[in-house]
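What follows is the residue order along each chain.
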Amino acid sequence: MSGFLAPKEGGYRVAVVGATGAVGLTMLEVLAERKFPISELIPLASSRSAGSFVAFNRLDTEVLDLASFDPEGVDIALFSAGGATSLEYAPRFAEAGCYVIDNSSAWRMDEAVALVVPEVNPEMLEMARINRIIANPNCSTIQMVVALAPLHRVVPIRRVVVATYQAVSGAGGKAIEELANQTRQLLAGASAESNVFPARIAFNVIPQIDIFMDDGYTKEEHKMMDETRKILQADIALTATTVRVPVFYGHSEALNVEFVAAMAAEQVRDLLADADGICVVDDPSTEDYPLASEAGGTDPVWVGRIRDDASQANTIDMWVVADNIRKGAALNAVQIAELLIA
(Lines give C-alpha, C1' and ligand atoms only; values in the text may rest on other atoms or scores of the structure.)
Protein backbone atom coordinates (compact mmCIF):
# COMPACT_ATOMS: atom_id res chain seq x y z
CA MET A 1 0.00 0.00 0.00
CA SER A 2 1.65 3.21 -1.18
CA GLY A 3 1.25 6.48 0.67
CA PHE A 4 -1.80 8.60 0.03
CA LEU A 5 -0.15 11.95 0.72
CA ALA A 6 3.20 12.98 -0.71
CA PRO A 7 5.91 13.95 1.78
CA LYS A 8 5.72 17.61 2.75
CA GLU A 9 8.67 19.58 4.02
CA GLY A 10 7.65 20.95 7.40
CA GLY A 11 4.68 18.60 7.74
CA TYR A 12 0.97 18.57 6.98
CA ARG A 13 -1.98 20.83 7.73
CA VAL A 14 -4.11 18.85 10.17
CA ALA A 15 -7.55 19.83 11.45
CA VAL A 16 -9.23 18.34 14.52
CA VAL A 17 -12.99 18.79 14.40
CA GLY A 18 -14.54 18.62 17.86
CA ALA A 19 -11.22 19.64 19.37
CA THR A 20 -12.69 20.67 22.74
CA GLY A 21 -14.38 17.31 23.47
CA ALA A 22 -12.85 14.40 25.37
CA VAL A 23 -11.85 12.52 22.22
CA GLY A 24 -10.72 15.67 20.42
CA LEU A 25 -8.44 16.67 23.28
CA THR A 26 -7.00 13.15 23.36
CA MET A 27 -6.41 13.32 19.61
CA LEU A 28 -4.29 16.42 20.20
CA GLU A 29 -2.33 14.62 22.92
CA VAL A 30 -1.74 11.56 20.74
CA LEU A 31 -0.66 13.64 17.72
CA ALA A 32 1.90 15.38 19.91
CA GLU A 33 3.08 12.21 21.67
CA ARG A 34 3.62 10.35 18.39
CA LYS A 35 5.29 13.38 16.80
CA PHE A 36 2.97 13.43 13.81
CA PRO A 37 4.54 15.79 11.22
CA ILE A 38 2.35 18.89 11.42
CA SER A 39 3.04 22.26 9.85
CA GLU A 40 -0.23 23.74 11.12
CA LEU A 41 -2.68 22.35 13.66
CA ILE A 42 -6.23 23.69 13.26
CA PRO A 43 -8.65 23.02 16.15
CA LEU A 44 -12.27 23.35 15.08
CA ALA A 45 -15.54 23.25 17.01
CA SER A 46 -19.01 24.75 17.08
CA SER A 47 -19.58 28.47 17.53
CA ARG A 48 -20.09 27.84 21.27
CA SER A 49 -16.45 26.81 21.67
CA ALA A 50 -14.91 29.02 18.99
CA GLY A 51 -12.51 31.54 20.50
CA SER A 52 -11.44 29.25 23.33
CA PHE A 53 -7.99 27.68 23.41
CA VAL A 54 -6.63 24.13 23.48
CA ALA A 55 -3.10 23.00 24.26
CA PHE A 56 -0.97 21.42 21.57
CA ASN A 57 2.77 20.82 21.93
CA ARG A 58 2.70 23.03 25.04
CA LEU A 59 1.27 25.95 23.10
CA ASP A 60 -2.25 27.37 23.38
CA THR A 61 -4.02 27.29 20.02
CA GLU A 62 -7.25 29.13 19.31
CA VAL A 63 -10.31 27.07 18.39
CA LEU A 64 -11.95 28.18 15.15
CA ASP A 65 -15.61 28.02 14.15
CA LEU A 66 -16.23 24.96 11.98
CA ALA A 67 -19.21 26.53 10.20
CA SER A 68 -17.17 29.39 8.75
CA PHE A 69 -13.90 27.53 8.19
CA ASP A 70 -12.60 27.01 4.64
CA PRO A 71 -11.09 23.49 4.39
CA GLU A 72 -9.10 24.28 1.24
CA GLY A 73 -5.47 23.24 1.76
CA VAL A 74 -6.10 20.97 4.76
CA ASP A 75 -4.41 17.59 4.28
CA ILE A 76 -6.03 15.50 7.04
CA ALA A 77 -9.05 16.16 9.25
CA LEU A 78 -9.82 14.10 12.34
CA PHE A 79 -13.53 14.36 13.10
CA SER A 80 -15.01 13.72 16.55
CA ALA A 81 -18.07 15.92 16.70
CA GLY A 82 -21.02 13.58 16.25
CA GLY A 83 -22.79 11.99 13.32
CA ALA A 84 -24.83 14.98 12.18
CA THR A 85 -21.73 17.18 12.02
CA SER A 86 -19.84 14.51 10.09
CA LEU A 87 -22.62 14.04 7.57
CA GLU A 88 -22.71 17.77 6.91
CA TYR A 89 -19.04 18.68 6.94
CA ALA A 90 -17.00 15.58 6.05
CA PRO A 91 -18.01 15.72 2.35
CA ARG A 92 -17.04 19.42 2.24
CA PHE A 93 -13.57 18.65 3.53
CA ALA A 94 -13.23 15.67 1.19
CA GLU A 95 -14.29 17.74 -1.82
CA ALA A 96 -11.59 20.26 -0.91
CA GLY A 97 -8.96 17.50 -1.22
CA CYS A 98 -8.68 16.59 2.46
CA TYR A 99 -8.66 13.06 3.87
CA VAL A 100 -11.30 12.78 6.60
CA ILE A 101 -11.00 10.27 9.45
CA ASP A 102 -14.38 10.23 11.15
CA ASN A 103 -15.00 8.93 14.66
CA SER A 104 -18.82 9.00 14.52
CA SER A 105 -21.12 6.23 13.33
CA ALA A 106 -22.23 8.28 10.31
CA TRP A 107 -20.12 6.54 7.65
CA ARG A 108 -19.20 3.20 9.20
CA MET A 109 -21.65 1.00 7.35
CA ASP A 110 -21.54 2.93 4.07
CA GLU A 111 -20.44 0.37 1.47
CA ALA A 112 -18.22 2.96 -0.23
CA VAL A 113 -16.39 3.95 2.97
CA ALA A 114 -13.45 2.10 4.52
CA LEU A 115 -13.93 1.03 8.14
CA VAL A 116 -10.38 0.66 9.41
CA VAL A 117 -8.44 -0.69 12.36
CA PRO A 118 -4.75 -0.38 11.35
CA GLU A 119 -3.66 -3.62 13.07
CA VAL A 120 -6.46 -5.54 11.36
CA ASN A 121 -7.37 -4.28 7.87
CA PRO A 122 -5.07 -1.47 6.66
CA GLU A 123 -5.57 -2.64 3.06
CA MET A 124 -9.14 -1.31 3.19
CA LEU A 125 -7.75 2.22 3.10
CA GLU A 126 -7.49 1.83 -0.68
CA MET A 127 -11.22 2.63 -0.79
CA ALA A 128 -10.46 6.12 0.48
CA ARG A 129 -8.58 7.08 -2.68
CA ILE A 130 -11.99 7.64 -4.26
CA ASN A 131 -14.10 9.44 -1.65
CA ARG A 132 -11.38 10.49 0.89
CA ILE A 133 -13.55 9.53 3.89
CA ILE A 134 -12.41 6.86 6.35
CA ALA A 135 -14.52 5.63 9.25
CA ASN A 136 -13.21 4.90 12.73
CA PRO A 137 -15.12 1.93 14.23
CA ASN A 138 -17.02 1.93 17.49
CA CYS A 139 -14.73 1.84 20.54
CA SER A 140 -15.98 -1.53 21.77
CA THR A 141 -15.64 -3.00 18.27
CA ILE A 142 -12.04 -1.82 17.89
CA GLN A 143 -10.64 -3.61 20.92
CA MET A 144 -12.59 -6.78 20.10
CA VAL A 145 -11.41 -7.08 16.49
CA VAL A 146 -7.80 -6.34 17.45
CA ALA A 147 -8.00 -9.43 19.67
CA LEU A 148 -9.99 -11.56 17.20
CA ALA A 149 -8.13 -10.86 13.95
CA PRO A 150 -4.83 -12.67 14.73
CA LEU A 151 -6.85 -15.76 15.64
CA HIS A 152 -9.26 -15.55 12.71
CA ARG A 153 -6.32 -15.45 10.27
CA VAL A 154 -5.11 -18.84 11.55
CA VAL A 155 -8.41 -20.64 12.19
CA PRO A 156 -11.60 -18.95 10.97
CA ILE A 157 -14.05 -17.90 13.65
CA ARG A 158 -17.57 -19.36 13.48
CA ARG A 159 -19.31 -17.53 16.34
CA VAL A 160 -18.65 -14.89 18.99
CA VAL A 161 -20.65 -14.17 22.14
CA VAL A 162 -19.58 -10.92 23.80
CA ALA A 163 -20.68 -9.10 26.92
CA THR A 164 -19.20 -5.64 27.42
CA TYR A 165 -18.56 -3.65 30.58
CA GLN A 166 -18.25 -0.11 29.24
CA ALA A 167 -16.94 2.96 31.01
CA VAL A 168 -19.04 6.10 31.31
CA SER A 169 -16.51 8.16 29.34
CA GLY A 170 -17.89 6.46 26.25
CA ALA A 171 -21.00 8.61 26.73
CA GLY A 172 -19.04 11.88 26.97
CA GLY A 173 -17.99 14.44 29.52
CA LYS A 174 -21.44 14.89 31.05
CA ALA A 175 -21.58 11.16 31.77
CA ILE A 176 -18.27 11.36 33.63
CA GLU A 177 -19.66 14.22 35.70
CA GLU A 178 -22.85 12.27 36.41
CA LEU A 179 -20.95 9.28 37.83
CA ALA A 180 -18.80 11.56 39.99
CA ASN A 181 -21.79 13.58 41.21
CA GLN A 182 -23.96 10.55 41.94
CA THR A 183 -21.12 8.90 43.87
CA ARG A 184 -20.71 12.00 46.05
CA GLN A 185 -24.46 12.31 46.55
CA LEU A 186 -24.92 8.69 47.61
CA LEU A 187 -21.89 8.70 49.93
CA ALA A 188 -23.31 11.81 51.56
CA GLY A 189 -26.61 10.03 52.16
CA ALA A 190 -28.50 12.04 49.53
CA SER A 191 -30.50 10.79 46.57
CA ALA A 192 -28.75 10.59 43.21
CA GLU A 193 -29.93 12.58 40.18
CA SER A 194 -29.87 10.84 36.77
CA ASN A 195 -29.85 12.95 33.62
CA VAL A 196 -27.49 11.26 31.16
CA PHE A 197 -28.27 7.59 31.75
CA PRO A 198 -31.68 5.86 31.91
CA ALA A 199 -30.94 4.75 35.48
CA ARG A 200 -28.53 5.55 38.28
CA ILE A 201 -24.98 4.59 37.23
CA ALA A 202 -23.17 4.98 40.57
CA PHE A 203 -22.92 1.62 42.39
CA ASN A 204 -24.97 0.07 39.60
CA VAL A 205 -24.75 -1.53 36.15
CA ILE A 206 -27.10 -0.69 33.28
CA PRO A 207 -27.72 -3.35 30.59
CA GLN A 208 -28.48 -0.75 27.93
CA ILE A 209 -26.19 1.37 25.76
CA ASP A 210 -27.94 3.52 23.14
CA ILE A 211 -31.55 3.01 22.09
CA PHE A 212 -33.41 -0.29 21.69
CA MET A 213 -34.09 -1.58 18.19
CA ASP A 214 -37.13 -3.57 17.02
CA ASP A 215 -35.38 -6.93 17.58
CA GLY A 216 -34.62 -6.21 21.25
CA TYR A 217 -30.93 -5.48 20.71
CA THR A 218 -29.62 -1.97 21.37
CA LYS A 219 -28.03 0.18 18.69
CA GLU A 220 -24.63 -0.28 20.36
CA GLU A 221 -24.99 -4.05 20.12
CA HIS A 222 -25.87 -3.81 16.43
CA LYS A 223 -22.79 -1.64 15.87
CA MET A 224 -20.54 -4.32 17.33
CA MET A 225 -22.15 -7.09 15.30
CA ASP A 226 -22.32 -5.28 11.96
CA GLU A 227 -18.95 -3.52 12.16
CA THR A 228 -17.10 -6.70 13.12
CA ARG A 229 -18.36 -8.51 10.04
CA LYS A 230 -17.40 -5.60 7.80
CA ILE A 231 -13.90 -5.24 9.28
CA LEU A 232 -13.09 -8.96 9.24
CA GLN A 233 -14.85 -9.46 5.89
CA ALA A 234 -16.48 -12.60 7.26
CA ASP A 235 -20.01 -13.79 7.92
CA ILE A 236 -19.35 -14.55 11.59
CA ALA A 237 -22.32 -15.32 13.84
CA LEU A 238 -22.10 -12.74 16.60
CA THR A 239 -24.31 -11.74 19.51
CA ALA A 240 -23.61 -8.94 21.96
CA THR A 241 -24.89 -7.61 25.26
CA THR A 242 -23.53 -4.14 26.03
CA VAL A 243 -23.52 -2.94 29.63
CA ARG A 244 -22.59 0.40 31.20
CA VAL A 245 -20.62 0.10 34.44
CA PRO A 246 -19.49 2.71 37.03
CA VAL A 247 -15.95 3.02 35.66
CA PHE A 248 -14.55 6.31 34.34
CA TYR A 249 -12.17 5.04 31.64
CA GLY A 250 -11.55 1.63 30.08
CA HIS A 251 -13.95 -0.78 28.40
CA SER A 252 -13.84 -4.46 29.34
CA GLU A 253 -15.26 -7.36 27.34
CA ALA A 254 -15.87 -11.04 28.05
CA LEU A 255 -15.53 -12.97 24.79
CA ASN A 256 -16.61 -16.51 24.01
CA VAL A 257 -15.13 -17.44 20.62
CA GLU A 258 -15.96 -20.59 18.63
CA PHE A 259 -13.69 -21.62 15.74
CA VAL A 260 -14.40 -23.89 12.76
CA ALA A 261 -11.59 -26.22 13.89
CA ALA A 262 -9.41 -26.84 16.92
CA MET A 263 -7.90 -23.78 18.61
CA ALA A 264 -6.51 -24.34 22.09
CA ALA A 265 -6.02 -21.68 24.75
CA GLU A 266 -2.24 -22.07 24.64
CA GLN A 267 -2.22 -21.41 20.89
CA VAL A 268 -4.44 -18.37 21.40
CA ARG A 269 -2.07 -17.07 24.06
CA ASP A 270 0.95 -17.48 21.77
CA LEU A 271 -0.74 -15.88 18.76
CA LEU A 272 -1.89 -12.85 20.74
CA ALA A 273 1.48 -12.42 22.43
CA ASP A 274 3.04 -11.96 18.97
CA ALA A 275 0.28 -9.70 17.58
CA ASP A 276 0.63 -5.96 17.00
CA GLY A 277 -1.12 -3.71 19.49
CA ILE A 278 -1.82 -6.43 22.06
CA CYS A 279 -0.39 -7.10 25.52
CA VAL A 280 -1.20 -10.45 27.10
CA VAL A 281 -1.52 -10.42 30.90
CA ASP A 282 -2.60 -13.90 31.87
CA ASP A 283 -1.20 -15.71 34.89
CA PRO A 284 -3.80 -17.36 37.15
CA SER A 285 -1.09 -18.45 39.59
CA THR A 286 -0.48 -14.80 40.52
CA GLU A 287 -4.05 -13.62 39.83
CA ASP A 288 -2.67 -11.45 37.03
CA TYR A 289 -5.15 -10.23 34.40
CA PRO A 290 -6.06 -6.94 32.68
CA LEU A 291 -7.96 -4.30 34.65
CA ALA A 292 -9.80 -1.29 33.30
CA SER A 293 -8.21 0.89 35.99
CA GLU A 294 -4.75 -0.03 34.68
CA ALA A 295 -5.63 0.17 30.97
CA GLY A 296 -6.67 3.83 31.23
CA GLY A 297 -4.14 6.12 29.57
CA THR A 298 -2.41 3.27 27.71
CA ASP A 299 -2.33 2.35 24.02
CA PRO A 300 -2.52 -1.47 23.80
CA VAL A 301 -5.45 -3.82 23.84
CA TRP A 302 -4.93 -5.99 26.94
CA VAL A 303 -5.97 -9.66 26.93
CA GLY A 304 -6.16 -12.20 29.74
CA ARG A 305 -8.26 -14.98 31.33
CA ILE A 306 -7.59 -17.05 28.19
CA ARG A 307 -8.98 -20.54 28.67
CA ASP A 308 -10.62 -23.42 26.86
CA ASP A 309 -14.41 -23.45 27.07
CA ALA A 310 -15.20 -26.55 29.12
CA SER A 311 -18.71 -26.73 27.67
CA GLN A 312 -17.97 -26.70 23.94
CA ALA A 313 -15.28 -27.92 21.53
CA ASN A 314 -13.12 -25.53 19.47
CA THR A 315 -14.10 -22.65 21.76
CA ILE A 316 -12.14 -20.35 24.05
CA ASP A 317 -12.99 -17.63 26.54
CA MET A 318 -10.97 -14.46 27.08
CA TRP A 319 -11.11 -11.05 28.74
CA VAL A 320 -10.27 -7.96 26.65
CA VAL A 321 -9.63 -4.47 28.04
CA ALA A 322 -8.65 -1.14 26.43
CA ASP A 323 -8.81 2.60 27.01
CA ASN A 324 -11.95 3.50 25.08
CA ILE A 325 -10.93 7.12 24.51
CA ARG A 326 -7.38 6.34 23.33
CA LYS A 327 -7.35 3.08 21.37
CA GLY A 328 -11.11 3.12 21.07
CA ALA A 329 -11.10 6.49 19.32
CA ALA A 330 -8.19 8.95 19.26
CA LEU A 331 -5.23 6.61 18.82
CA ASN A 332 -6.94 4.53 16.15
CA ALA A 333 -7.67 7.72 14.18
CA VAL A 334 -4.07 8.94 14.45
CA GLN A 335 -2.78 5.51 13.42
CA ILE A 336 -4.94 5.77 10.29
CA ALA A 337 -3.47 9.22 9.63
CA GLU A 338 0.02 7.72 9.93
CA LEU A 339 -0.87 5.16 7.26
CA LEU A 340 -1.96 7.99 4.96
CA ILE A 341 1.55 9.48 5.03
CA ALA A 342 3.50 6.21 5.21
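Cut-off values and rules
- Residues numbered from 1 in each chain as written.
- Predicted model: local features only at pLDDT ≥ 70, side-chain atom pairs only at ≥ 80, totals over all residues.
- Heavy atoms only, no water.
- Helix = DSSP H or I, 4+ residues; strand = E, 2+ residues; numbered from the N terminus.
- Rg over C-alpha atoms; globule rule 2.2 N^0.38 Å.
- Buried < 20%, exposed > 50% of the residue type's maximum accessible area, 1.4 Å probe, protein only.
- Contact = heavy atoms within 4.5 Å.
- Polar contact = N/O pair within 3.5 Å; in protein donor to acceptor, adjacent residues only side chain to side chain.
- Axes fitted to C-alpha atoms, helices over the stretch in contact; angles between N-to-C directions.
- Left-handed = near helix turned anticlockwise from the far one by under 90°.
- Nonpolar A, V, L, I, M, F, W, Y, C, P; charged D, E, K, R; others polar.
- Pairing = 2+ DSSP bridges.
- Salt bridge = Lys/Arg side-chain N within 4 Å of Asp/Glu carboxyl O.
- Core = buried A, V, L, I, M, F, W, Y, C linked by side-chain atoms within 4.5 Å.
- Right-handed = clockwise from strand over helix to strand, strands pointing away.
- Parallel < 35°, antiparallel > 145°, perpendicular 65-115°, else oblique.
- Expected span 1.5 Å × (residues − 1).

Draft legend 1. Representation of the overall build of the protein chain within the structure. Broken down by element type, the protein chain carries nine helices and 15 strands. Its C-alpha atoms give the protein chain a radius of gyration of 20 Å, within 12% of the compact-globule value 20 Å for 342 residues. Dimensions of the protein chain, computed from C-alpha atoms along their principal axes, come out at roughly 60 × 55 × 40 Å. Counting only residues that meet the buried cut, the protein chain has 51% of its 342 residues in that class. Within the protein chain, contacts between residues separated by at least 24 positions form 66% of all contacts whose residues are at least 6 apart in sequence.

Draft legend 2. Broad picture of the side chain of Ser140. Mapped onto the secondary structure, Ser140 falls in helix 4 (residues 139-152). Residue classification places Ser140 among the buried residues on the basis of a relative accessible area of 0%. Engagement of the side chain of Ser140 in a polar contact is seen with the side chain of Glu220, the distance being 3.3 Å. In this structure, Ser140 is in contact with Gln166, Glu220, Met224, His251 and Glu253, ignoring residues within four places of it in sequence.

Draft legend 3. Expanded view of the packing of helix 4 against helix 6 (residues 219-232). Contact pair helix 4 / helix 6: the axes reach a minimum separation of 10 Å and the direction vectors enclose 35°. In this structure, helix 4 meets helix 6 at a crossing whose hand is right-handed. Two secondary-structure elements touch here, helix 4 through Ser140, Thr141, Met144, Val145, Ala149 and His152 and helix 6 through Glu220, Lys223, Met224, Glu227, Thr228, Ile231 and Leu232. Class assignment for the residues of the contact of helix 4 with helix 6 results in six nonpolar, four polar and three charged.

Draft legend 4. View of the sheet that holds strand 14 (residues 301-308). The strand order across the open sheet formed by six strands is 11-10-12-15-14-13, and the pairing between neighbours is mixed. One side of each edge strand has no neighbouring strand; the edge strands of this open sheet are strand 11 (237-244) and strand 13 (278-280). Averaged over all neighbouring strand pairs, the angle between strand axes comes to 20°, with direction disregarded. Both strand 10 (residues 157-166) and strand 12 (residues 251-259) contribute to a ladder of eight bridges, which runs antiparallel.

Draft legend 5. Seen up close, the side chain of Asp102. Mapped onto the secondary structure, Asp102 falls in strand 7 (residues 99-102). Within polar-contact distance, the side chain of Asp102 engages the side chain of Ser86 at 2.4 Å. Among all residues touching Asp102, those that are not within four sequence positions of it are Phe79, Ser86, Trp107, Ile134, Ala135 and Asn136.

Draft legend 6. Quick peek at the pattern of salt bridges. Inspection of every chain in the model, using the stated rule, returns 14 salt bridges. Between Glu40 and Arg13 there is a salt bridge, and its shortest N-O distance comes to 2.8 Å. In this pair, Glu40 is assigned in strand 2 (residues 38-45) and Arg13 in strand 1 (residues 12-17), connecting sequence segments 27 residues apart. The closest approach of N and O atoms between Glu33 and Arg326, which form a salt bridge, is 2.9 Å. Remark: Arg326 occurs in helix 9 (residues 326-340) and Glu33 occurs in helix 1 (residues 22-33); sequence separation between them is 293 residues.

Draft legend 7. Up close: the environment of Glu126. The topology assignment puts Glu126 in the loop between strand 8 (114-115) and helix 3 (128-131). Here Glu126 falls in the partly exposed class, since its relative accessible area comes to 34%. Expressed as a C-alpha distance, the spacing of Glu126 and Phe4, which sit 122 residues apart in the sequence, is 8.9 Å.

Draft legend 8. Summary view of the nonpolar core. Counting 58 residues, the largest nonpolar core has Phe93, Val160, Leu255, Val257, Val303 and Met318 as its most contacted members. If one sorts the elements of this core by residue count, helix 4 sits on top with eight residues. Ranked by size, the runner-up nonpolar core spans 38 residues in total, among them Tyr12, Leu41, Phe56 and Ile325.

Draft legend 9. Focus on the pairing of strand 1. The buried fraction of strand 1 amounts to five of the six residues, a majority that puts the element mostly inside the structure. Of the strand pairs in this sheet, strand 1 and strand 2 are connected by six bridges, and their pairing is parallel. If you follow Val17 over to strand 2, its bridge partner there is Leu44. Note on the crossover from strand 1 through helix 1 to strand 2: the handedness is right-handed. The pairing of strand 1 with strand 6 (residues 76-79) spans four bridges and is classified as parallel. What sits directly across from Val17, in strand 6, is Phe79.

Draft legend 10. Up close: the packing of helix 4 against helix 7 (residues 265-273). Axis separation between helix 4 and helix 7 bottoms out at 9 Å; the angle between their running directions is 110°. Regarding the angle of helix 4 to helix 7, the classification is roughly perpendicular. The handedness of the crossing between helix 4 and helix 7 comes out as right-handed. Side by side, helix 4 and helix 7 meet where Ala147, Pro150 and Leu151 of the first sit next to Val268, Leu271 and Leu272 of the second.

Draft legend 11. Helix 6, seen in detail. The first and last C-alpha atoms of helix 6 sit 20 Å apart over 14 residues, in line with the 20 Å expected at 1.5 Å per residue. By the criterion of burial, helix 6 is predominantly enclosed, with 10 of the 14 residues buried. Among all positions of helix 6, only Glu220, Glu221, Lys223, Met224, Met225, Glu227, Thr228, Lys230, Ile231 and Leu232 are buried.

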